[in-house]
Amino acid sequence: MNHGVAIFFTDYSIGPVEMGTALEERGFESLWAPEHSHIPLTRKSSYPQGGDLPKKYYDVMDPFVTLTAAATVTKKLKVGTGICLVVQRYPIQTAKSVASLDQISKGRFLLGIGAGWNEDEMADHGTTDSKGRFKLMEERVRAMREIWTQSKPEFNGTHVKFGPMMTWPKPIQKPLPVIVGGMYPYGARRAIAFGDGWMPHATRPEYGGSDVLAHLPAFREMAKSAGRDPAAIPITTFGTPAEPATLKRYRDAGIDRVVFSIASEDRDKTLATLDKLAAGMRESG
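Residues numbered from 1 in each chain as written. Predicted model: local features only at pLDDT ≥ 70, side-chain atom pairs only at ≥ 80, totals over all residues. Heavy atoms only, no water.

Description of the side chain of Arg-204
As a reminder of what qualifies: Strands are runs of DSSP state E lasting at least two residues, helices are runs of H or I lasting at least four, and both sets are numbered from the N terminus onward. Remark: exposure states derive from per-residue accessible area (1.4 Å probe, protein chains only) relative to the maximum for the residue type, with buried under 20%, exposed over 50%, and partly exposed in between. Within 3.5 Å is the distance limit for a polar contact, defined as a pair of N or O atoms, with the added protein rule that one can donate a hydrogen and the other accept it, and that residues adjacent in sequence qualify only through two side-chain atoms. Every residue pair with non-hydrogen atoms within 4.5 Å of one another is taken to be in contact.
Note on placement: Arg-204 falls in the loop between β8 (197-199) and α8 (216-225). On the accessibility criterion, Arg-204 (16% relative accessible area) is buried. Of note is the side chain of Arg-204, whose polar atom sits 3.1 Å from the side chain of His-201. Not counting the four nearest positions on each side in its chain, Arg-204 is found in contact with Pro-48, Gln-49 and Met-183.

Next up, the structure:
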């Protein structure tokens with residue numbers, strides 16, 4: 001089981017260069033950066049975890065910029081978006097950003113995606129039908145796959161249309177992994193339909209006192225029913241508790257990667273946090 005760390009990079013947190021180096025030195029497999037382009041002052045949708053929206057959501061840096069910085073100072077560390085808000089990004093330009101980062105990192109990029117939750121934010125990007133955002137996300141992913149894999153791609157969908165064209169670079173990875181975020185059952189269903197992996201939160205109030213492991217048997221049966229091998233859809237749990245006993249339980253359940261979410265703190269506090277996480281990793285085996 002691999003171990004990653006997610007952080008909202010801000011102008012008051014540790015920087016991505018120091019973070020990437022620190023993670024690689026401590027044996028972590030991956031670094032994950034979320035995104036929000038902005039936070040409108042109106043609010044139609046509540047913060048999924050309850051309460052006030054944390055300050056870091058307003059302050060977070062662009063993930064493609066921060067992950068590129070981390071990739072340039074590391075050799076093995078994978079860099080991933082956790083998550084890229086595809087419904088807020090134009091697919092042709094996003095496809096180029098993804099391919100460019102995969103080239104710069106020499107094939108170490110992981111595209112974690114989601115449709116987002118902030119209706120006001122996505123509306124400012126032209127996605128005004130929040131209920132239809134999942135179909136929009138799927139179509140944009142399929143369009144980007146055409147761009148990544150074809151020398152003269154074209155696409156004629158409901159939401160995305162472009163005629164034959166040429167654009168480079170192409171990703172090094174074939175296929176470039178698209179890891180679909182979201183809870184069971186709907187996020188799991190989307191991951192099975194068009195993803196290369198599933199990335200649910202480890203814990204959520206909607207799980208009713210359990211965690212995502214309770215849904216793994218149903219997820220695997222869902223994958224089989226759709227004609228997919230469950231083993232070919234790796235599971236990454238986001239915001240995973242760092243207790244050694246929990247990590248052992250996730251490993252034994254067949255989770256492929258756990259990601260720890262840490263605070264947007266300065267260098268010294270972050271390095272101390274990473275030392276504790278690394279010690280827990282070693283204790284869990």
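Some remarks on the sheet that holds strand β4 (residues 109-114)
Counted only if it meets this: Following DSSP output, two strands are said to pair if at least two bridges run between them. Whenever a helix is involved, its axis is fitted only over the stretch in contact; in every case the axis is a line through C-alpha atoms, and angles between N-to-C directions fall within 0 to 180 degrees.
Overall, parallel pairing links the 8 strands, which are arranged β8-β7-β4-β3-β2-β1-β10-β9 in an open sheet. Edge strands, defined here as strands with exactly one partner in the open sheet, are β8 and β9 (236-238). Along the sheet, successive strands turn relative to each other by an average axial angle of 25 degrees, direction set aside. Pairing analysis gives 3 bridges linking strand β7 (residues 178-181) to β8, with the strands arranged parallel. Bridge pairing in β8 links Val-180 to Trp-198.

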